[in-house]
Amino acid sequence: MRRTLVGRDEEFDTCWRALLGRGSALVAGPTGIGKTALRREVVAEATTAGWLVLTCAPTESETTLPYAALADLLRALADRAAGLPRPRRVAAEAVLLARTNGPATW
């Protein structure tokens, strides 16, 4: 039984089936229809099921920040960046604003 989502069983089930099938779901629509509540409930369900969940929900003010959503996704994995091959590590550190020793170089 879902804890906070009321009257959105069909939307929840559609998202859940999409995640089980292809691993991603896009929820779009006008302001105020419950997208955030649906996302929170699906994330809670997936976390309870033991999934590693990477999620982002950029705001309109972040549309001019090209890597804001990527940084949100990678933040949960930031402690693993050190083990990446150098080019990938440098890219991840740049997105996460974690580089402290000058510009990103290859």
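The model shown is predicted, which means the values in this text are computed figures rather than measured ones.

Engineer: Before we move on, could you go through the nonpolar core and cite the residues and values that matter?
Structural biologist: Core analysis: the biggest nonpolar cluster contains eight residues, these being L5, F12, C15, W16, L19, L38, V42 and A46. Per-element accounting of this core gives the leading share, four residues, to helix α1 (residues 9-22). In contact with L19, other than residues within four places in its own chain, are S24, A25, V42 and W51.

Engineer: Quick rundown of the packing of α1 against helix α2 (residues 35-48)? Include the residues and the values.
Structural biologist: For the pair α1 and α2, interaxial distance at closest approach is 10 Å and the crossing angle is 50 degrees. In terms of orientation, α1 lies oblique with respect to α2. The hand of the α1/α2 crossing is right-handed. Across the interface between the two elements, E11, F12, C15, W16 and L19 of α1 pack against L38, E41, V42, E45 and A46 of α2. For the contact of α1 with α2, the class distribution of residues is seven nonpolar, no polar and three charged.

Engineer: How would you explain the side chain of R8 if you had to name every residue and give the values?
Structural biologist: Residue placement: R8 occurs in the segment before α1. Accessibility expressed as a relative area gives 18% for R8, which makes it buried. There is a polar contact of 2.4 Å between the side chain of R8 and the backbone oxygen of I33. If we ignore the near neighbours within four places in the chain, the residues touching R8 are I33 and G34.

Calculation rules
- Residues numbered from 1 in each chain as written.
- Predicted model: local features only at pLDDT ≥ 70, side-chain atom pairs only at ≥ 80, totals over all residues.
- Heavy atoms only, no water.
- Core = buried A, V, L, I, M, F, W, Y, C linked by side-chain atoms within 4.5 Å.
- Buried < 20%, exposed > 50% of the residue type's maximum accessible area, 1.4 Å probe, protein only.
- Helix = DSSP H or I, 4+ residues; strand = E, 2+ residues; numbered from the N terminus.
- Contact = heavy atoms within 4.5 Å.
- Axes fitted to C-alpha atoms, helices over the stretch in contact; angles between N-to-C directions.
- Parallel < 35°, antiparallel > 145°, perpendicular 65-115°, else oblique.
- Left-handed = near helix turned anticlockwise from the far one by under 90°.
- Nonpolar A, V, L, I, M, F, W, Y, C, P; charged D, E, K, R; others polar.
- Polar contact = N/O pair within 3.5 Å; in protein donor to acceptor, adjacent residues only side chain to side chain.

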